[in-house]
Amino acid sequence: LKLWRLKILISVFGGVSIPSIFMKNAENEAEAGKVMSRTMSLATSHPMGGSSGQLSCRTKAVLTAPTLGFFALRYVKLGYMKKFYTDDYPRASLSVLSTFLILSTLLDLIFDPTLAGWTDGLRSVFGRDWGRRKPFLFVASFLVTISYAMAFAPPASFSAKAQEDSEAWFAANGNTATAPVFNSVASAVWFGIFHIAVKVFSDAIFEIPHGALLVEVTHDGKERTSVWSWREIFLCFGILVGMVVPIIGENECSSSPETDCYSYLMISLAVGLIFTISTLFLCWDIKERPASNVPGPVEALVPSIVGCFSNFPYMILLISDLVEGFGANLPLLVLPYVVDWVVGPQAATDLVGSPGMLFAACVVVHMVVRLPVTFVWKWAAGRFGKYHTFLAFNIMYGVYMFAFLAVTKGQALLSIILCGLWGIAYGGHWLLLDLCSDVIDYDELVTGRRREGQFTMARDLVPKICEIPADALPFLLMSYFQYNPDLAEQPEEVQWIIRGSFSIVPGLAGLLGTVVLFWFTLRTNEQHEQIINGIIDHQAGLSVTDPLTGLLLPPIKPLSDGSVEYSGSIVGAQEIKILEHFFASEIAWACDSQNVGRLKIKPLIYLVISLLLVIPGVFLTIEGWPALSNGESSWAPVGIILLGFAFIGSFFSAERIRQGIKAHGCVQLKDLEVMKAIHQSRGRIPGGQKVAPEENQVQEKE
């Protein structure tokens, strides 16, 4: 009562009318209600970060700790498994082993998108809401450890006959160059089964849900940067453990079939136990966003892929990573050849004892330097923004790689120093994952869907597939120019291929990837905050302004029967399921021509192109198979990848053609018009309504 008397006195003596006081209080109450609504929405969507989005150091450590054990297991396998199977007691058949290596890549193309769809669409397990990611992580905690360990445990009985035949032949004939190869098909099949279990199933069941969980754990952009930097630190430690610890078993396991080496098995079990415990603790300790609180209905596989590739900022990041990835793996692949044929074995022996030790020294110094530099890149992202910092990283990386041209004969110490500085240049690559996280929020703003799994899958799978032909090219060129490991010196052309693959190609790829990034539009933390606020306003049924395009974004309201409402028009549930299989340009073409049948024309063209890839794929595979079976450079992996693309493209296009045929019976022109208007407002095709600057200011004020 005293407060209201004071307000009346102020209104009288201060020249303010009493009604304005009541209006002001009403506005304040409305604003308070709006703030409370935002706070509750953020707290529900991100239980660990709450409305502020802040995460404790303990939470970040729990979230990212499984990365250490996982990458330690991966690098034990990458560094030692193939040589173990061919040179130690398993005596695996190279041709069978190569077949499984390629088969796993094809299965990867099929399983990864499927798993991403499962984890994005999961709503309950046995009738209970456990979240969308933790059920998969729980399975991965056991599956990863078991599959990696069993891969290093082929029964000795599988190769006993090959071992006996080998000993008998050499006892009778001596050590000659014409000795036959005694190998075991059973050991190679064991390798193939568990290689597929690891590469196709275990890795995907952990990496895709875990990457998606790191995206959705907080809405705050700076906290996400911190989370991804924690992951990078554990990743570096994991790589160091995976590359250094197995040296313990080298004496027992290096080309000595009679030892029945099980050191790698013990190491895998020990590291796997660390992974299992840390992943189970994550599942127990971390509160995930309830699946019941995920916006939008469960989405089929093909529409979710169409949605991902309709996101313009994401496509820019993906193309940049594809271009950079063309040369990103080459330095580590050709580093042993740089040590042997550019620096020279004598210089390596004089400095650290052997070429192998020089290679190990280069890798370890690189990782040791990369670890602390992560904090520098994190600080720069907070100070200058993650986009500008990532741009600077790409430029620095691209320019720096040319410095390796300075490494010539006898310069072993210089090669170690440059590898250490390479850790500084490459230490900011994890910022790509951070930018992708913000792009996923933008996707929710424009579509009303959460597709963390699909975005995570595509971000890793597409560049990984395209790197395979790029990685094969240097070795094919080396073979063409007469590379011979028995020579004291390689031909000059071969040496330049090695140096160029280590320096010039990665440098040019990094700089070209930087050029692509200039088209990336999600550049500031302010834009990301507007995206988060826009998502909340959409949930309240309000129109917002797209912070990247400046277009008006009316909300897409899902109705209880599966249909959607947009700007007063409704598209039925069956119609929306069909039309989500098509890109914006295809919808616009069918709408403008007033012909629903045109929806299936472009998918039909893509189907024909996909099937045509089978021809070069089969040719290259058959032509290169003998060389691949002998462990030589071959075009067969390129052919297999083409066959994989043919299969995926055919499946994708065939499903869209099937939906185009179904559209004849139920999709009306008015449905096409509504979908076209949605795509126009999202900036995917011209025709969206631009918000005037003054209107935008009023909207921001409100």
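Computed from a predicted structure; not experimentally measured.

### A short note on the overall build of the chain
- From N to C terminus, the chain includes 29 helices and five strands.
- Buried residues in the chain amount to 52% of all 702 residues.
- Counting contacts in the chain only where the partners sit at least 6 residues apart, residues at least 24 apart contribute 79% of the total.

### Some remarks on helix H24 (residues 584-592)
- Every buried residue of H24 is accounted for by Ala 584, Glu 586, Ile 587, Ala 588, Ala 590 and Cys 591.
- Those residues of H24 hidden inside the fold are in contact with helix H23 (573-579), helix H25 (601-612), helix H27 (636-666) and helix H28 (669-681).

### Describing the state of the cysteines
- Enumeration over the complete set of coordinates arrives at zero disulfides.
- Not part of a disulfide, Cys 362 finds its nearest cysteine sulfur in Cys 419, a span of 3.9 Å.

### Describing the pattern of salt bridges
- All told, the structure shown has 26 salt bridges when counted by the stated rule.
- In this structure, Arg 58 engages Asp 285 in a salt bridge whose closest nitrogen and oxygen atoms are separated by 2.9 Å. Of this pair, Arg 58 sits in helix H3 (residues 57-64) while Asp 285 is found in helix H11 (residues 263-285), placing the two residues 227 residues apart along the sequence.
- A relative accessible area of 45% places Arg 58 in the partly exposed class.
- Each of the salt bridges in this network shares a partner with another, and the network as a whole consists of Asp 120, Arg 132, Arg 133, Glu 216, Arg 224, Lys 386, Asp 434, Asp 438, Asp 441, Glu 444, Arg 450 and Glu 452.

### What to know about helix H14 (residues 330-343)
- Within H14, the axis deviates most sharply at Tyr 337, by approximately 45 degrees.
- Listing the buried residues of H14 in full gives Leu 330, Pro 331, Val 334, Leu 335, Val 338, Val 339, Trp 341, Val 342 and Val 343.
- Gly 344 occupies a position one or two residues after H14 and carries a positive phi of about 105 degrees.

### Examining the side chain of Ser 104
- Inspection of the secondary structure puts Ser 104 in helix H5 (residues 94-121).
- Within the local environment of Ser 104, its side chain forms a polar contact with the side chain of His 195, the two groups lying 3.1 Å apart.
- Residue contacts for Ser 104: discarding those within four places in its chain leaves His 195, Ile 196, Lys 199 and Val 200.

### Notes on the nonpolar core
- Core analysis: the largest hydrophobic core is formed by 132 residues, its most contacted members being Tyr 85, Val 144, Leu 317, Leu 358, Phe 404, Trp 422 and Phe 520.
- Tallying contributions element by element places helix H8 (residues 185-216) first for this core, with 15 residues.
- In this structure, Leu 317 is in contact with Leu 432, Leu 435, Cys 436, Val 439, Leu 517 and Phe 520, ignoring residues within four places of it in sequence.
- Membership of the second largest hydrophobic core comes to 19 residues, among which are Tyr 566, Ile 578, Cys 666 and Met 675.

### Quick look at a nonpolar patch on the surface
- On the surface, Leu 351, Val 352, Met 357, Met 396, Leu 413, Ile 417, Leu 421 and Ile 424 cluster together into a nonpolar patch covering about 660 Å² of accessible area.
- Those elements that provide at least two residues to the nonpolar patch are helix H15 (345-352) and helix H18 (412-426).
- Relative to the helices and strands, Leu 413 is located in helix H18.

### A look at the sheet that holds strand E4 (residues 564-566)
- As summarised here, the arrangement of the three strands in space is E3-E4-E5, forming an open sheet in which the pairing is antiparallel. Sheet topology places strand E3 (557-558) and strand E5 (569-571) at the edges, where each strand pairs with a single neighbour.
- In this sheet, E5 lies alongside E4 in antiparallel orientation, the contact comprising three bridges. Bridge pairing in E5 places Tyr 566 opposite Ser 569.
- In the packing of H28 onto the sheet, the strands contacted are E4 and E5, and the crossing angle to E5 comes to about 105 degrees.

### Quick word on the packing of aromatic side chains
- Evaluation of the coordinates by the stated rule reveals 25 aromatic pairs.
- Ring centres of Tyr 85 and Phe 191 lie 5.1 Å apart, and the angle between their planes is 65 degrees; this geometry places the pair in the edge-to-face category. Placement of the pair is Tyr 85 in helix H4 (residues 66-87) and Phe 191 in helix H8, with a sequence separation of 106 residues. As far as burial versus exposure is concerned, Tyr 85 and Phe 191 are alike and both buried.

### Regarding the packing of H3 against H11
- Contact geometry for H3 and H11: axes closest at 8 Å, N-to-C directions at 130 degrees. Viewed along their axes, H3 and H11 adopt a mutual orientation that is oblique. Of H11, the residues touching H3 (which contributes Arg 58, Val 62 and Leu 63) are Phe 281, Leu 282 and Asp 285.
- Taken together, the residues of the contact of H3 with H11 sort by class into four nonpolar, no polar and two charged.

### Section: the packing of helix H12 (residues 301-309) against H27
- Where H12 contacts H27, the axes come no closer than 10 Å and their chain directions differ by 105 degrees. Classified by the angle their axes make, H12 and H27 are roughly perpendicular. Two secondary-structure elements touch here, H12 through Leu 301, Val 302, Ile 305 and Val 306 and H27 through Phe 651, Phe 652, Glu 655 and Arg 656.

### Digging into the side chain of Glu 655
- With respect to the helices and strands, Glu 655 occurs in helix H27.
- Classification of Glu 655 by relative accessible area gives buried; the value is 18%.
- Once residues within four sequence positions are removed from consideration, Glu 655 is found in contact with Val 302 and His 581.

### Focus: the environment of Asn 533
- On the secondary structure map, Asn 533 appears in helix H22 (residues 525-539).
- For the pair Asn 533 and Val 544, spaced eleven residues apart in the sequence, the C-alpha separation amounts to 9.0 Å.

### A look at the environment of Val 691
- Here Val 691 is to be found in the loop between H28 and helix H29 (693-701).
- A relative accessible area of 14% means that Val 691 is categorised as buried.

### Quick notes on the confidence of the model for the chain
- Across the chain, the average pLDDT comes to 83, with 85% of residues at or above 70.
- Within the model, the stretch residues 254-258 combines pLDDT values under 50 with twelve contacts to residues more than four positions away or in other chains.

### Describing unusual backbone geometry
- The phi torsion at Phe 126 lies on the positive side, around 55 degrees, for a residue other than glycine.
- Looking at where Phe 126 falls in the secondary structure, it is placed in the loop between H5 and helix H6 (134-151).
- By relative accessible area, which is 86% here, Phe 126 ends up exposed.
- The phi dihedral of Ser 567 is positive, around 50 degrees, even though this residue is not glycine.
- Relative to the helices and strands, Ser 567 resides in the loop between E4 and E5.

### Topic: the environment of Glu 586
- With respect to the helices and strands, Glu 586 occurs in helix H24.
- Taking the C-alpha atoms as reference, Glu 586 lies 8.8 Å from Ile 601; in sequence the two are 15 residues apart.
- Separated by 2.9 Å, the side chain of Glu 586 and the backbone nitrogen of Phe 583 make a polar contact.

Criteria and thresholds
- Residues numbered from 1 in each chain as written.
- Predicted model: local features only at pLDDT ≥ 70, side-chain atom pairs only at ≥ 80, totals over all residues.
- Heavy atoms only, no water.
- Helix = DSSP H or I, 4+ residues; strand = E, 2+ residues; numbered from the N terminus.
- Buried < 20%, exposed > 50% of the residue type's maximum accessible area, 1.4 Å probe, protein only.
- Contact = heavy atoms within 4.5 Å.
- Disulfide = S-S within 2.5 Å.
- Salt bridge = Lys/Arg side-chain N within 4 Å of Asp/Glu carboxyl O.
- Bend = angle between axes of the 7 residues up to and from the residue.
- Polar contact = N/O pair within 3.5 Å; in protein donor to acceptor, adjacent residues only side chain to side chain.
- Core = buried A, V, L, I, M, F, W, Y, C linked by side-chain atoms within 4.5 Å.
- Patch = residues over 30% accessible without salt bridge, like charges linked within 9 Å, V, L, I, M, F, W, Y side chains within 5 Å.
- Areas by Shrake-Rupley, 256 points an atom, 1.4 Å probe, with all protein chains shown as cover.
- Pairing = 2+ DSSP bridges.
- Axes fitted to C-alpha atoms, helices over the stretch in contact; angles between N-to-C directions.
- Phe/Tyr/Trp six-rings, centres within 6.5 Å; stacked < 30°, edge-to-face > 60°.
- Parallel < 35°, antiparallel > 145°, perpendicular 65-115°, else oblique.
- Nonpolar A, V, L, I, M, F, W, Y, C, P; charged D, E, K, R; others polar.
- pLDDT = per-residue confidence, 0-100.

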